[in-house]
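# Chain and residue survey
Chain residues, written in single-letter form:
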Amino acid sequence: MIFEQLSAGGCQSYLVGCAESCAAVLIDPEISLIDRYLALAARDGLRLQYLVDTHTHADHFSATQQLARQLDIPVAMHRASPAPFVDLRLDDGEMLVFGRHRIQVLHTPGHTRDSMCLRVEDRLFTGDTLLIGATGRTDLPSGDPEALYDSLFGRVLKLDAALLVHPAHEYKGRGHTTIAQEIASNPRLQVRDRGAFVAMMHNLNLGMPTHVTEALRTNMSGGKTVAQMLAEASAAVPFMSLDELKSRIDSGHSELVILDVRERDAYEEGHIPGARLLPRGQLELRVNQDLPDPTVRIVVSCEFGRISTLATATLRSMGFQRAVALDGGLKAWRANAYPLRPGKEP
Ligand SMILES: [Fe+2]
């Protein structure tokens, strides 16, 4: 069996392949590692067959949907998953076959209602049901400490004690452990009384994970993250540096329309000399009136260089093929002590 473990800020994902058939599965892929998964699969001569999320993640952005679209292969999750893009809805006791190997599904609710542990040969991918020296939390949507108790003490800990435990999170750089090691030393598993375990889980008082709202929104719906929106826009537009724009202004180039897409008050506080105001929120409404010539050369500016990238992509999709985004925003322009002009539009 070919096995690769990848970490992105403590989130663990796994590429597991069949050495004979070259079929592979990707477990809990994270969106920032997409190119790396594809590179590893290519390096190891693997063809990805399934993308599996052990549960609905609240703390990172799942790459399953984007990879599924890119590779035209199915996303598999437990049938309780709310995500509409799941192709294979799995249930307890079922298996997926890849090459000579089988992924056995154990439904282990508790961390979330749709949590699964996946067994492949001598390895158990425990998602956030069982972590090294900890368990998944139960205070996020669909979490249930009673269910986690049943899943752990009633099922996972009764499996072969020699099974290797591969969790979905590990922040201390430990690769894996075993069921036996966890039974012996995991502090939460020493609390074997049901009521005490549930009370302990209720009293963890953990802070919310960063990006929890966005992670749940995108992982549950298949929608895009803000970073994805920006990455897609960035890939679709050329940029102009601050220095280049400054030197073009200095040389009196008049063919360039400098478009400021911030709000009016920000514009009037100080804008790039010669810039015209067209707030992002009014772009589509005012574009025909304000920019009648689609062949005009436009450089789009905003405060941080992000909204201007989105606005430039919008302009390009509307046919302004010479629209470019300023690489950086007014914040950087100001920091460079480049000239700013206060006041209303001329
Ligand atoms: Fe989780």
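In case you missed it, the structure is sitting above this.
Numbering of residues begins from 1 in every chain and follows the order in which that chain's sequence is written. At least 70 in pLDDT is required for a residue's local features to be given in this predicted model, at least 80 for side-chain atom pairs to be given and counted, and no such filter applies to totals for whole chains, interfaces and linings, which use all residues. Based on all heavy atoms of the structure, the side-chain values leave hydrogens and waters out of the count.

### Digging into the pairing of strand 1 (residues 2–8)
Where strand 1 meets strand 2 (residues 11–17), seven bridges bridge the pair, whose relative direction is antiparallel. When the sheet's bridge partners are listed, leucine 6 is paired in strand 2 with serine 13. When DSSP finds two or more bridges between a pair of strands, those strands are recorded as paired. By the criteria applied, helices consist of DSSP H or I runs no shorter than four residues and strands consist of E runs no shorter than two, each listed in order from the N terminus.

### Quick word on the pattern of salt bridges
Salt bridge criterion: a side-chain nitrogen from Lys or Arg within 4 Å of a carboxyl oxygen from Asp or Glu. For the coordinates displayed, the defined rule picks out 22 salt bridges. Here glutamate 146 makes a salt bridge to arginine 194, at a shortest N to O gap of 3.0 Å. Placement of glutamate 146 in helix 3 (residues 145–154) and of arginine 194 in helix 5 (residues 194–202) is noted, with a sequence separation of 48 residues between them. Here glutamate 146 falls in the partly exposed class, since its relative accessible area comes to 36%. Relative accessibility thresholds used throughout: buried, under 20% of the residue-type maximum; exposed, over 50%; partly exposed, between the two (1.4 Å probe, protein chains only).

### Here we look at empty space enclosed by the protein
Both cavities and pockets are sets of points on a 1 Å grid over the protein atoms alone; in a cavity a 1.4 Å probe fits but cannot get out, in a pocket the set is open with protein on both sides within 12 Å along at least five of seven lines, and lining residues sit with an atom within 4 Å of a point. Grid points are joined across faces, edges and corners, and a volume is the space filled by probe spheres set on the points. As enumerated under the stated definition, the model contains one cavity of 30 Å³ or more in all. Within the residue set of the lining of the largest cavity, elements represented by two or more residues are helix 2 (64–71) and helix 6 (212–221). Looking at which element gives the most residues to the lining of the largest cavity, the answer is helix 2, with four residues. Here the lining of the largest cavity is built from residues that sort into three nonpolar, 10 polar and two charged. Only Asp, Glu, Lys and Arg are considered charged, only Ala, Val, Leu, Ile, Met, Phe, Trp, Tyr, Cys and Pro nonpolar, and every remaining residue, Gly among them, polar.

### Some thoughts on the coordination of the iron ion
For a metal with four tetrahedral donors the ideal donor-metal-donor angle is 109.5 degrees, while six octahedral donors give ideal angles of 90 or 180 degrees. Protein ligation of the iron ion involves His55 (NE2), His111 (NE2) and Asp128 (OD), the donor distances falling in the range 2.0 to 2.3 Å. For Na, K and Ca the donor cut-off is 3.2 Å; for every other metal, N, O and S atoms count as donors within 2.8 Å. Water does not enter the count, which can leave sites looking incomplete. Linear spacing of the donor residues for the iron ion on their chain is H-x55-H-x16-D. A residue pair is termed long-range when its members are at least 10 positions apart, and histidine 55 in the loop between strand 4 (47–52) and helix 2 and aspartate 128 in the loop between strand 10 (123–127) and strand 11 (130–131) qualify at 73 residues. Its relative accessible area of 1% is what places histidine 55 among the buried residues.

### A word on unusual backbone geometry
Positioned with a positive phi, cysteine 22 is a non-glycine residue whose angle comes to about 70°. Looking at the secondary structure, you find cysteine 22 in the loop between strand 2 and strand 3 (23–27). What makes cysteine 22 partly exposed here is its relative accessible area of 29%. Residues other than glycine seldom take positive phi values, yet glutamate 121 does so here, at roughly 50°. Among the structural elements, glutamate 121 can be located in the loop between strand 9 (116–120) and strand 10. Since its relative accessible area comes to 40%, glutamate 121 is described here as partly exposed.

Geometric values such as these leave the question of function open.
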